[in-house]
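Observations on chain architecture
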Amino acid sequence: MQATPTRGRRATAGRPKTGKPNPIDVHVGSRVRLRRTLLGMSQEKLGEAIGLTFQQVQKYERGANRIGASRLFDLSRVLDVPVSFFFDDMPAEAAAAPVDDEEGNAAGFEERSGGYEPDPMAKRETLELVRAYYRINDPSVRKRLFELTKAVANSGMVEAAE
């Protein structure tokens with residue numbers, strides 16, 4: 001006996017046929033992790049604040065589970081950022097990722113090939129650097145370090161172009 005398809009969400013909804021997390025979900029999750037980490041909040045504390053286990057928070061942060069609109073709103077309140085924060089700095093590849101319909105089919109898009117590069121803002125090194133930067137109490141020193149960092153990065157780009 002063959003099971004009849006049911007209406008509503010299916011396990012494949014929101015996932016490319018590869019079974020990998022949707023790049024948009026990965027980006028949004030990395031922004032949740034970034035903000036949580038910058039606040040010095042554990043996954044357990046965040047979970048308690050929004051009524052989830054730390055394992056569920058982990059899945060959100062990895063992009064393994066999609067964050068619904070009401071949950072995203074809750075996260076924005078707990079993490080004290082606007083909802084738009086979670087979509088800021090989204091790589092073009094993520095923004096161009098196909099959105100799957102309820103049947104798990106890309107809605108009018110061909111499947112894209114190639115790997116998705118994770119958000120550099122989700123790297124531990126980046127988070128540690130940002131935390132250290134904000135521990136600098138003197139605003140003028142912090143500003144000079146910021147300008148120095150930008151100058152070094154720009155000089156590296158100029159050298160690469162030559």
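Residues numbered from 1 in each chain as written. Predicted model: local features only at pLDDT ≥ 70, side-chain atom pairs only at ≥ 80, totals over all residues. Heavy atoms only, no water.

The name given to the protein chain in an unreviewed UniProt entry is Helix-turn-helix transcriptional regulator, with Azospirillum brasilense as the source organism.

A closer look at the overall build of the protein chain
If you tally the helices and strands in the protein chain, you get seven helices and zero strands. Ordering the α and β elements of the protein chain from the N terminus gives α-α-α-α-α-α-α. Counting all 162 residues of the protein chain, 27% fall into the buried class. For the protein chain, restricting intrachain contacts to residue pairs at least 6 apart in sequence, the fraction spanning at least 24 positions comes to 64%. For the protein chain, the computed accessible surface area is about 11,200 Å², with 55% contributed by carbon and sulfur atoms. (Helix = DSSP H or I, 4+ residues; strand = E, 2+ residues; numbered from the N terminus. Buried < 20%, exposed > 50% of the residue type's maximum accessible area, 1.4 Å probe, protein only. Contact = heavy atoms within 4.5 Å. Areas by Shrake-Rupley, 256 points an atom, 1.4 Å probe, with all protein chains shown as cover.)

Here's the deal with unusual backbone geometry
With a phi close to 55 degrees, D80 is a non-glycine residue in the positive phi region. Phi is positive for D89, close to 60 degrees, though the residue is something other than glycine. Locating D89 in the fold gives a position in the loop between helix 4 (69–78) and helix 5 (92–95). Judged by its relative accessible area of 60%, D89 falls in the exposed class.

What to know about the pattern of salt bridges
Two side chains bearing opposite charge may form a pair once their charged atoms approach each other closely. Per the stated rule, a full pass over the model turns up five salt bridges. Residue R66 is joined to D25 by a salt bridge in which the shortest nitrogen-to-oxygen separation is 3.1 Å. Remark: D25 occurs in helix 1 (residues 23–38) and R66 occurs in the loop between helix 3 (54–62) and helix 4; sequence separation between them is 41 residues. The exposure class of D25 is buried, given its relative accessible area of 11%. Between E61 and R36 there is a salt bridge, with the nearest N and O atoms lying 2.6 Å from each other. Taken together, the residues E61 in helix 3 and R36 in helix 1 connect sequence positions 25 residues apart. The same class applies to E61 and to R36, which are both buried. (Salt bridge = Lys/Arg side-chain N within 4 Å of Asp/Glu carboxyl O.)

Focus on the confidence of the model for the protein chain
Averaged over every residue, the pLDDT of the protein chain is 78; the share at 70 or more is 70%. Of the regions scoring below 50 in pLDDT, residues 3–16 engages in 24 contacts with residues more than four places distant in sequence or in other chains. Note on residues 101–114: pLDDT is under 50 here. Beyond four places in sequence and across chains, it has 21 contacts. (pLDDT = per-residue confidence, 0-100.)

Remarks on a nonpolar patch on the surface
On the surface, F73, V83 and F87 cluster together into a nonpolar patch covering about 250 Å² of accessible area. Mapped onto the elements of the fold, F73 is located in helix 4. (Patch = residues over 30% accessible without salt bridge, like charges linked within 9 Å, V, L, I, M, F, W, Y side chains within 5 Å.)

Overview of the packing of aromatic side chains
This model, assessed by the stated rule, comprises two aromatic pairs. Judged by centre distance (5.6 Å) and plane angle (80 degrees), the ring pair of F85 and F86 falls under edge-to-face. Each ring, one from Y133 and one from Y134, has its centre 5.1 Å from the other, and the planes form 85 degrees; the classification is edge-to-face. Owing to a relative accessible area of 22%, Y133 belongs among the partly exposed residues under this scheme. A relative accessible area of 58% means that Y134 is categorised as exposed. The side chain of R31 reaches across the aromatic face of F85, ending 4.1 Å from its centre. For the cation-ring pair, R142 lies above Y133, with the distance from its terminal atom to the ring centre recorded as 6.0 Å. (Phe/Tyr/Trp six-rings, centres within 6.5 Å; stacked < 30°, edge-to-face > 60°. Lys NZ or Arg CZ within 6 Å of the ring centre and 35° of its normal.)

Here we look at the packing of helix 1 against helix 6 (residues 124–135)
Across the interface, helix 1 lies against helix 6 with an axial gap of 10 Å and an inter-helix angle of 35 degrees. Crossing of helix 1 against helix 6: the hand is right-handed. Seen from helix 1, the contacting residues are R33, L34, T37 and L38; seen from helix 6, they are R124, L127, V130 and R131. Class assignment for the residues of the contact of helix 1 with helix 6 results in four nonpolar, one polar and three charged. (Axes fitted to C-alpha atoms, helices over the stretch in contact; angles between N-to-C directions. Left-handed = near helix turned anticlockwise from the far one by under 90°. Nonpolar A, V, L, I, M, F, W, Y, C, P; charged D, E, K, R; others polar.)

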